[in-house]
Each structure stands twice: as structure tokens, then as C-alpha cells.
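Structural overview for review
Residues per chain, in single letters:
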Amino acid sequence: MNERIRDEIVLELSHVTKRFGGLTAVGDVSFKVRKGEIFALIGPNGAGKTTIFNLITGVYALTEGEIRFLDKCVIARGGVTYDADGAQIPHGKALQLKPYDIMSKGMARTFQNIRLFKSETVFNNVLTACHADADYNVFQSLWRWKAGPKWLTKYRTQEAKLRAKTEELLKIMGIWKYRDMIAANLPYGQQRKLEIARALAQAPVLLLLDEPAAGMNPEETMALMELIKEVRDRFDLTVLIIEHHMDLIMSGSDRIFVLNFGKALAEGTPAEVQNNAEVVEAYLGKEENADGHA
Amino acid sequence: MSWYYIEGILIQSCYTLLIVLGLSILTGYTGMFSFGHAGFVCIGGYVSVICTMAFDLPYAVGLLAGGLVSMILGAGLGRITLRLKGDYFCIATLGVGEAIRLIFNNLQLNWSINGKNFMLDGAKGIASVPLKTTFGISLVIVVIFVIATSFLVNSKHGRCMLAIRENELAAQMSGINTFSYKMLAMCMSALYAGIAGGMLAHYFGYLQPKMFMMTKSTEYTIMVIFGGMGSITGSVVGTVLLCALPELLRAVGDWRLVFYGLAVIVIMIVRPMGLMGGKELRIGYYVNRLTRKLLKKSDPLPGGDEEEEAQ
Amino acid sequence: MGIGYYLQQLVNGICLGGMYALMSVGYSLVYSIMNFSNFAHGGVIMVGAYVGYYALTALGCPFLIAFLLCGVGSGLLAIVIERLVYNPLRKRHAPSLYFIISAMGASIFLENFVIASIDGTPRNYPAVFANSISIGGLSLGIDSLLMIIVSAAALLILMFIIQKTKIGLAIRACSYNERASTLMGVNGDLVIFTVFLMGGILAGFAGILYGMRFIVKPTIGQVTNKSFVAAVFGGLGSLPGAILGSLLLGIMEIFVASWNSTLRDLFVYALLILVLVVKPSGLMGKVTEDKA
């Protein structure tokens, strides 16, 4: 439907299951996210959406199944996996990369309950997240003069680049004027934008947004969606988004995956999902009290 | 007050500042709390004294050896505890700090090397250590470390450490290897403490395990908090103030620590970022601005060229 | 040295372990709810020991009254500390680093306040129970017997409260997830109040028992370091773990001391490091996952 979206698979979840003690938070969920897509994850509260984010980013260890990122690289594999027909194939050891390792392979995320570096300035929040673009070591950071062999002046050259990149990102997100403000003092909506800017600083392939429009009014929400699309085009991103604002999801996303009680309910284009009777009943509730918000 | 007396306070301020700088990296920047830093000072002191007295090595080598051994110990402690969630690190530092002191309390050494006798006698410690820590040497060492530390914290390494203190999960999700940065902070602060231990030993002229009780560790932490977490200037101000204060206020005596305890509680409630509030006195920055104004030359700086002075 | 000697040492070990248990449950309770190490707990124990000392000497109270006074005094102190020191931080949702630092501040304050206002010299409790009874060749001091009985009774009552009462249920719920529990209608303030009160009362009992057996001085709060070790040994945040860990630590410490008394303290900290290397979750600890 769109030339942006390519057949290349960025993220693949197969038979992903997470149990907390006896409770199955996510049960046997599989989906594929293609390059360039805005892929939405929706479902009532407690459906396991954020848990899926935490599984993808390695915050939680997988119980079963497998998560692949950028085709070849397996980021997590639970104690059990499945073959193409869905039959269990036991294998040796469960595999689980460390969260920072996963993220540095080309992922970035935001959080449902904003997690900024609160007492740092807006500028430094983004600058901190640019760290992967600089590779000077502890000793090289001690040399602050312009003079000297190239390997020694790394700090100066690289730091200038980081600052330029930070400035660019803050301007794109429209929060450049707040750059010297302490992050905690920022208005709520701007904090969400700052979190996205910080995520973009990691130069991700896949951006995971956890309810980026929570607490925003309809106008702000639509403006944010435009911003997300713009950013996606500009940095050639793939976006996986959790959201409760139905209008944002229906107008903005390319494909939707519906979760209910940790299980897959439906998957398809916004139009397909909107017309799915099961989704309407489980997610929006009975006709009388359907108000578009779960 | 004679110069001799003032000099003593200044030397003490210098090596205490070195310890506090290290703790500032650990607690102020990375957000980890250590109860056992006196233990690292202790091991640094003993190792350096053994180097200079038993093996006749130069003072500088002694300091370095003390710092390195302390750092290796810190790395070992970090390796065990930093992956664990919860207050394990905190309790482990308490245990290690006490354990080091107790080991030296029970350690008896009587070596004869090249006809010279070296005695380490448990609780009595080591006597007649050569007095090699002068004010000049301490000042040079501490100024170098203050500048190096302020450069370090003003780089991506310092920012990553601060990110861990601010929000560890967000730091991880930003692709920061939180474990290795915590290790770095731990190793550096242990190194600083070890070197300071060597300076301390060669200033007092003797070493006893009881000089490194747990209350010492908490006093160092108080200096970091007093000056301000996440500020090198704060550490300098906090140390100099709290080192000089007890000497000036001898009359207050026992109430000094009562006041410290109370101050810590009040600071945490009213102004948790301490005296400097996480800010720096950016002398380099002002000097730069002044010179640029004078030379009418615009030279875009990548920032972070600020440095603080020691005294 | 026959079997009698070892039995005697075992009894001494249980005495010491029971005292550690009284200390470490208060620490573990607070840790399980508020997720920080309450290093002010040692100060509360020390104040309890002083209350007991003055109740027995200056006021000349009978032992039972002095014992109860200790519980009341320490319980009140623990609540006051919570109100004045931790509550403002809790309201601000301050990071746990701030709590630990404040706890350290409170501990320094209490210890040095006693040094400055009374003095730092160690004092001996008056001999309350000098008699001993002998069972099958084993000589048991009344005080040892009393310590074991009192510790066991206090811990049993605590376990009863935690397991069977409504507030106990609330405490258990909060230890799993404080925020979720408060959202479900659990009164978080009441839970924290109760936890500090119970921890404080037990700390007071521990204080008077410790003072009776050993001495009372401003630095006895540092004995709690060992109860932290016991809590880690048993499993950080687990109440039965803290009790089991304390008992085992007490027994092992006494046996090590009877072999070589200078290695006594060193053994405790060596054990801590061993536990951290081999099994950091301790004897009964649970592994938890962070919530994002």
C-alpha cells in the first residue's frame, strides 16, 4: 500500500509467552513488523502490551518463544521454541541478551510513566543518549586541547558532533527553547516529546513508543502523530506504538495488532480491525458504553 | 595557630578531598552508596607503607601500588555485587570495609629484608612511617585529580554515570552498559581512596586499623552530600568546610557529629542536591569568556571546558 | 571438652541468634515494604538498651516493666524517625539513595547524641537474673533461658500478626507491590506506621536483652551490622529467612568464637562475602523482576 514499507522484517515475535508465577501475562503471541511500518499494539488495560515491550527490550526474561530483531539476530529465546507447524522443539539453553545490548543493536523506547533523567537539563538528557556516537575512552576524555595527534583529540571533535546532533533533534521535536530547563520542570506534554527526542538520539532502526499521547488533548494528539510520521520518514524508522487514542491509531498506523488478556485477538489494517466483531466486543465493550477509550 | 598546625589541616583536607572526589563519582554521580570506603583507604595505606618501608620503593610507587591494590579489591567487590538488584552493594561495602580493618587488626608480619626489619603488629599497626606527604606534594596531587575528575564527569562517561543515578532503567534502555559504568565508578573511587590512604599514612607517620572505623566512611559520605551530589565544586567546598570546621570548633566537641547527622537529614529533605545543587563553579568557562571578549574572537567551544580549582 | 560443652555453646549461639533475629526482622520488614536499608535501626536498638538501663538503675523498675518500657521507647522512636525523616522523602517519591543517606544521618545523629548528652563510656546492667538452673549437667543461666523464650515469643507474635491479621495481609500485599496495593485500597501510611512500630518494639526488646547480656554503650548500634548480614544470609526481604539466617549466624559465630575469639567478627563478614559470591538470594530469598 505504500512504497515506504518494505518486505524486510525488522522485528519478529514467534510464540512469545511470559508467565509471572502462575499468571500468564503474555501467551503465545506472534507477529512480524516490516521495515518502515507504523505498527500499533492495542488492547484493554492489562492486556499485556507493556509486557511485550519489556520482553522485546529485554527488561523481562522470556518464558517461551523467540524474538528476532533485524532478521538474523536473536535477542531472546525462552526455554522452549516451536517449529513452523507449531510443535514444541526443546533446545539447550535459553538465550537472553542484556537490555543495553539489545538497545544498542538499533532499538529505542519511551515509557508509559515517563522516565527522564529528571534533574538533568533537557539538553543533557538528549546528549546523554547520544553516547554511542562517541567512542573516546576515559583517558581520551582527559585531553581537552585542539592540538595533538588525532587519536588524542577525539573528545573535542566527537563532542562537537554530539552537541550538533542534540541541537538538531531538539529543534525537530520543537523543544529547543527549553534546552536549559531541568527536565522535571518541563510541562507534561513536552516531557513526552523530550523522551522521544532522547530515543531518537540513539539513532534507532526500531522505535518503541509506549502511550506517547497519554494525557494529551485531541489536537495535541494529532499534532504528535504528524510529528511521529515526520520523524519516521526523516530517519527511516520503523515504529511500534502502544496507544489508547483510537483516532490516532486508526488514522496513523499501517497495521494493528489487538491483544486481550495476553492473547492475540486480531491483526490487520485499521479498516480490517475496525470491522472485526470480536475486537469491537472485547476491546470497545458493548455498543452502549463504547466511547473509543478503554 | 602556627603554620605547622594550619599545614596539618591543609594536608588532611587534601587527602580527604581525594577520597571525597572518589566517593563523589560513586555516590554523587552514579548513585551508589558505600559504607566501607575507609576500608579502601586502609588497604591503600597499608600497601603503600609496605612498599616504601619493607621494599624501599619510592613514595610515588608506594602511592600508586596502594591505589592499584585498592582498585583491584573494588573491582572484585563490584564484580560480585553490582549485578544484583537491591541493597546488596551497600551491605557488601559495609562488610568489606569492616573485614579489611579486621584483617589488619589480626595480621602479624615480621619481615627481615636486606637486614632491615619490618614490623606490622595487629592492632598496634605500623610505627615510624617516613613522613613524606608534604603540603606541596598533596596540593599538586589533589589539583591534578580535581581537574582530571571534572574532565571525566564532563564527558560522555560522566553523563552515562549520571543517567544511572537518575533512572537506571531508562539508562539501560538508552543503551548504556550500566554494569560497566558502575564498575568504572567503583574502580575509580577505590583507586582514589587507595592513593589517599598512602598519603594519609605518610603524613601521620603511623598506621593503625582503628583509624579506619566505619564512622570514617560515613564522614566522607557526609562531605559529598554536604557539598552537593553531582558537583565536583561541591565536593571541594564540602571537604574543605568540614575538614576545617571541627578544628575551628573544637569547643563544640562531641556535638559536632550530632550536628552532621542532623544536617544530613535536613539536607535530604530541604535541598537534596546539597550546597552546590549539582551545579559547578565554572572558572574555566568564565576565564574563556573573558579572554574571548578581550580578543574579540569567537571560537565555538564544544562546551564542558570548565574546571574547578582546588582551594 | 565433651558433648556438654558443645550443647552449652549451642545454647549461647541460639541466644545470640535470637537477638539478631529480633534486630533483623525490623530491618527486613522495612526493606520489604520500602526497598531501602534502614541503617537507623541500630540507633533505635541502642536507645532501647539505654531506656532499659535507666529504667532498671535510676527508676529501679522491675524487669518486666523495664522490658516493656524499652519496647515502647524504641517503638515510639522508630515512628518519630519515620515521620520526621522518611515521610517527607516518601511524599516526594525520592529515590532510595536519599532514604539510605537519611537513614545514615539519623544513625549518626542518634549515636552521637547519646555520646554528647550522656557519655561514651560502656555501662553494665545490674545483675537481674544471676541464678542458673542445671538440666542434665547443662548449666543454663536464667537470662539465657529468658532471652530464648522472649525472642521466640516475640517472633511468633510477629509472625501471627503478619500471617493472620488484616493489617498483616496489607503488609504482605505491600511487600509485593506497594503502589498496586495502595491503589487497591490498602492504607499505605498505616502499613508503614505498623511496620516501623513493630520493628521498633522488637528493636527495643533486642536492646535490653543485648544490654543485659553484654554491656550498653552508644556504639552497640553497630551490632546491627551483623543483623544486616544475617538478613542477607537468610534472604534479603524475607522474614522467615531473616529469622533462620540470624539463628544460624548466631550459632556459627559462637562456635567460631570458641575456637578463636579474634576471628569472630571477621568470620561474619567473610560469610557475607561468601553468600554474595555463592548464593546472593540467601537461604530463602526470592528473585524479583523490576517493573518498567
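All values derive from a computational prediction rather than experimental measurement.

Considerations on the domain arrangement of chain A
Residue and element names in this part refer to chain A. According to the domain assignment, chain A contains domain 1 (1-106 + 204-284) and domain 2 (116-201). Contacts between the two partners involve 15 residues from domain 1 and, on the opposite side, 11 residues from domain 2. Roughly 1,100 Å² is buried in total at the junction of domain 1 and domain 2, and carbon and sulfur atoms are behind 78% of that figure. Here domain 1 is connected to domain 2 by 1 salt bridge. We note a salt bridge from Glu 168 to Arg 234, for which the minimum N-O separation is 3.7 Å. Between the two partners, domain 1 and domain 2, sit 1 residue pair in polar contact (both at pLDDT 80 or more). Looking at the side of domain 1 that touches domain 2, the elements with two or more residues in it are β10 (206-210) and α6 (218-235).

Topic: the interface of chain C and chain B
Between chain C and chain B, the residue contacts involve 47 residues of the former and 43 residues of the latter. Considering only the side of chain C, the residues that lose the most area to chain B are Leu 97, Ile 101 and Met 104 of chain C, jointly responsible for 15% of the buried surface there. On the surface where chain C and chain B come into contact, there are 6 residue pairs in polar contact (both at pLDDT 80 or more). Of all the secondary structure elements, the ones that give two or more residues to the side of chain C that touches chain B are α1 (3-34), α3 (63-91), α4 (96-117), α9 (224-234) and α11 (264-278) of chain C. The leading source of residues in the side of chain C that touches chain B is α4 of chain C, at 16 residues. Among the residues making up the side of chain C that touches chain B, the classes are represented as 31 nonpolar, 11 polar and 5 charged.

Topic: helix α5 (residues 142-164) of chain C
All names here are of chain C. The end-to-end C-alpha distance of α5 is 32 Å, a good match for the 33 Å that 23 residues give at a rise of 1.5 Å each. For α5, the set of buried residues is Asp 143, Ser 144, Met 147, Val 150, Ser 151, Ala 154, Leu 155, Leu 158 and Ile 162. On its buried side, α5 packs onto α1, α3, β2 (138-141), α6 (166-176), α8 (188-213) and α10 (239-259).

Side note on empty space enclosed by the protein
Here the structure, examined in full by the defined rule, presents 2 cavities of 30 Å³ or more. If you add up the space inside the largest cavity, you get close to 250 Å³. If you go around the largest cavity, you meet 21 residues; those closest to its centre are Met 214 of chain B together with Ser 107, Ile 108, Glu 111 and Gln 222 of chain C. Elements with a minimum of two residues in the lining of the largest cavity: α9 (214-227) of chain B together with α2 (41-57), α4 and α9 of chain C.

Some remarks on the packing of helix α2 (residues 37-54) of chain B against α9 of chain B
Residue and element names in this part refer to chain B. Two elements in contact, α2 and α9, have axes separated by 7 Å at closest approach and are oriented at 110°. Judged by the angle between their axes, α2 and α9 are roughly perpendicular. Here His 37, Ala 38 and Val 41 of α2 lie close against α9, whose contacting residues are Lys 216, Ser 217 and Tyr 220. Here the residues of the contact of α2 with α9 are counted per class, giving 3 nonpolar, 2 polar and 1 charged.

What about the confidence of the model for chain C?
The predicted structure's coordinates, where accompanied by low pLDDT, should not be read in detail. Confidence in the prediction of chain C, expressed as mean pLDDT, is 87, and 96% of residues score 70 or more. Scoring the predicted complex yields pTM 0.88 and, for the interface, ipTM 0.87.

Some remarks on the pairing of strand β12 (residues 255-260) of chain A
Regular strands have side chains that alternate between both faces of the sheet. Residue and element names in this part refer to chain A. Of all the 6 residues making up β12, 6 are buried; the element is thus mostly covered by neighbouring parts of the structure. Burial along β12 is two-sided: the face carrying Arg 255, Phe 257 and Leu 259 and the face carrying Ile 256, Val 258 and Asn 260 are both buried. Relative to β12, strand β3 (residues 38-42) runs parallel, the two sharing 4 bridges. Directly across from Phe 39, in β12, lies its bridge partner Arg 255. Bridge count between β12 and strand β13 (residues 263-268): 5 bridges; the pairing is antiparallel. By the bridge assignment for β13, Leu 259 is matched with Ala 264. Counting the residues between successive antiparallel strands, the hairpin from β12 to β13 contains 2 residues, one of them, Phe 261, with a positive phi of roughly 50°.

What to know about the nonpolar core
Counting 230 residues, the largest nonpolar core has Leu 11, Phe 31, Ile 67 and Met 107 of chain A together with Tyr 86 of chain C as the members making the most contacts within it. Broken down by element, the residue count for this core peaks at 15 residues, all from helix α8 (residues 178-204) of chain B. Excluding residues within four positions of it along the chain, Phe 31 of chain A makes contact with Leu 11, Glu 12, Leu 13, Phe 39, Leu 41, Ile 52, Phe 257 and Glu 267 of chain A. Core analysis: the second largest hydrophobic core is formed by 50 residues, Leu 169, Leu 200, Met 216 and Val 231 of chain A among them.

Some remarks on the pattern of salt bridges
For the coordinates displayed, the defined rule picks out 27 salt bridges over all chains. Among the ionic pairs, Glu 166 of chain B bridges to Arg 165 of chain B, the shortest N-O distance being 2.9 Å. Arg 165 of chain B matches Glu 166 of chain B in its accessibility class, with the two residues each being buried. A salt bridge links Arg 264 of chain C to Glu 253 of chain C; its shortest N-O distance comes to 2.7 Å. In this pair, Arg 264 of chain C is assigned in helix α11 and Glu 253 of chain C in helix α10, connecting sequence segments 11 residues apart. Residue classification places Arg 264 of chain C among the partly exposed positions, given a relative accessible area of 24%. Look at the salt bridges and you will find they share partners, linking Arg 34, Glu 37, Arg 255 and Glu 267 of chain A into a network.

The rules behind each value
Residues numbered from 1 in each chain as written. Chains lettered and ligands numbered in written order. Predicted model: local features only at pLDDT ≥ 70, side-chain atom pairs only at ≥ 80, totals over all residues. Heavy atoms only, no water. Domains from an automatic or database assignment. Contact = heavy atoms within 4.5 Å. Buried area = accessible area lost by both parts, 1.4 Å probe. Salt bridge = Lys/Arg side-chain N within 4 Å of Asp/Glu carboxyl O. Polar contact = N/O pair within 3.5 Å; in protein donor to acceptor, adjacent residues only side chain to side chain. Helix = DSSP H or I, 4+ residues; strand = E, 2+ residues; numbered from the N terminus. Nonpolar A, V, L, I, M, F, W, Y, C, P; charged D, E, K, R; others polar. Expected span 1.5 Å × (residues − 1). Buried < 20%, exposed > 50% of the residue type's maximum accessible area, 1.4 Å probe, protein only. 1 Å grid on protein atoms, 1.4 Å probe; cavity = no way out; pocket = protein on both sides within 12 Å on 5 of 7 lines; lining within 4 Å. Points joined across faces, edges and corners; volume = space filled by probe spheres on them. Axes fitted to C-alpha atoms, helices over the stretch in contact; angles between N-to-C directions. Parallel < 35°, antiparallel > 145°, perpendicular 65-115°, else oblique. pLDDT = per-residue confidence, 0-100. Pairing = 2+ DSSP bridges. Core = buried A, V, L, I, M, F, W, Y, C linked by side-chain atoms within 4.5 Å.

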